[in-house]
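Residues per chain, in single letters:
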Amino acid sequence: MTKLFTTYRVLALTVGVLLLVGTVDAILKYGFADGSTAQRLGEDLDIVWMVHGWIYIVYVVVAFVLTQRARWSLPQFLLMMVAGLIPGLIFWVEHKVAVRLREDSAELAGTA
């Protein structure tokens, strides 16, 4: 695999995990009574959203560069962007991107 493709995959999986943890954080923070152990844990996990945001910005840049090098359309890039905002979706999109990249641009996927 090329460095760009590897970087994309690592960032996609990291963003996905952080988004799932952030979702659990929100459920704990807002779904339980104030002052409960679960609610306090939710407040303690708030840092996850900041980390997700910063890594998501890097993910957007890397995904943009990847789509430009692969000569993909704007809708493909937009799907990749939305995937980083909907819990769980990014894992499916990352898999589809990997398959398509291997088919369309084997040199970018490092399988040529």
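Here is what the cut-offs are and how they apply
Residues numbered from 1 in each chain as written. Predicted model: local features only at pLDDT ≥ 70, side-chain atom pairs only at ≥ 80, totals over all residues. Heavy atoms only, no water. Helix = DSSP H or I, 4+ residues; strand = E, 2+ residues; numbered from the N terminus. Buried < 20%, exposed > 50% of the residue type's maximum accessible area, 1.4 Å probe, protein only. Contact = heavy atoms within 4.5 Å. Areas by Shrake-Rupley, 256 points an atom, 1.4 Å probe, with all protein chains shown as cover. Lys, Arg positive; Asp, Glu negative; His and termini not counted. Charge placed at Lys NZ, Arg CZ, Asp CG, Glu CD. Expected span 1.5 Å × (residues − 1). Salt bridge = Lys/Arg side-chain N within 4 Å of Asp/Glu carboxyl O. Core = buried A, V, L, I, M, F, W, Y, C linked by side-chain atoms within 4.5 Å. Axes fitted to C-alpha atoms, helices over the stretch in contact; angles between N-to-C directions. Parallel < 35°, antiparallel > 145°, perpendicular 65-115°, else oblique. Left-handed = near helix turned anticlockwise from the far one by under 90°. Nonpolar A, V, L, I, M, F, W, Y, C, P; charged D, E, K, R; others polar. Phe/Tyr/Trp six-rings, centres within 6.5 Å; stacked < 30°, edge-to-face > 60°.

With respect to the overall build of the protein chain
1) Next: Helix and strand content of the protein chain: 6 helices and 0 strands.
2) Next: Going from the N terminus to the C terminus, the protein chain shows its helices and strands as α-α-α-α-α-α.
3) Next: Relative to its full complement of 112 residues, the protein chain shows a buried share of 37%.
4) Next: Put simply, of all contacts in the protein chain between residues at least 6 apart along the chain, 66% involve residues at least 24 apart.
5) Next: Carbon together with sulfur atoms contributes 69% to the accessible area of the protein chain, which is approximately 6,400 Å² in total.
6) Next: Looking at the protein chain, you have 9 positive and 9 negative side-chain charges, and the mean spots of the two groups are 11 Å apart.

Things to note about helix α5 (residues 89-104)
1) Next: Helix length check: α5, at 16 residues, gives a terminal C-alpha distance of 22 Å against a target of 22 Å (1.5 Å per residue), a fit within 8%.
2) Next: On the buried face of α5, the contacting elements are α1 (3-31), α3 (47-70), α4 (74-83) and α6 (106-109).

Points about the pattern of salt bridges
1) Next: Enumeration over the complete set of coordinates arrives at 3 salt bridges.
2) Next: When the shortest N-O distance is used, the salt bridge between Glu 94 and Arg 9 registers 2.4 Å. Residue Glu 94 is located in helix α5, and its partner Arg 9 is located in helix α1; the two are separated by 85 residues in the primary sequence.
3) Next: Put simply, Lys 29 and Asp 46 hold a salt bridge, and the shortest N to O gap is 2.8 Å. With Lys 29 in helix α1 and Asp 46 in the loop between α2 (37-44) and α3, this residue pair connects regions lying 17 residues apart in the sequence.

Observations regarding unusual backbone geometry
1) Next: Within the chain, Arg 71 stands out as a residue other than glycine whose phi angle is a positive 60°.
2) Next: Position of Arg 71 among the secondary structure elements: in the loop between α3 and α4.
3) Next: Given the relative accessible area of 77%, Arg 71 is considered exposed.

Details of the nonpolar core
1) Next: Tyr 8, Tyr 59, Leu 66, Met 80, Met 81, Val 97 and Leu 101 are the most contacted members of the largest nonpolar core, which totals 24 residues.
2) Next: Going through the elements one at a time, α1, α3, α4, α5 and α6 are the ones with two or more residues in this core.
3) Next: For Leu 66, the contacting residues outside a window of four places in its chain are Leu 4, Tyr 8, Met 80, Val 97, Leu 101 and Leu 108.

Some points on the packing of α1 against α3
Two numbers describe a pair of packed helices, the interaxial angle and the distance between the axes.
1) Next: Between α1 and α3, the least distance of the axes is 9 Å, while the angle of their chain directions is 150°. Relative to α3, the element α1 is oriented roughly antiparallel. Classified by chirality, the crossing of α3 by α1 is left-handed.
2) Next: Looking at side-chain class alone, the contact of α1 with α3 contains 19 nonpolar, 5 polar and 2 charged residues.

Thoughts on the packing of aromatic side chains
1) Next: Per the stated rule, a full pass over the model turns up 3 aromatic pairs.
2) Next: Arranged with centres 5.5 Å apart and planes meeting at 75°, the rings of Phe 64 and Phe 77 form a pair that is edge-to-face. On the criterion of sequence distance, the pair formed by Phe 64 in helix α3 and Phe 77 in helix α4 is long-range, its members being 13 residues apart.
3) Next: The buried category is assigned to Phe 77, whose relative accessible area is 14%.
4) Next: Taken together, the ring pairs in this structure connect Tyr 8, Tyr 56 and Tyr 59 into an aromatic cluster.

Bear in mind that shape data such as this cannot, by itself, settle questions of function.
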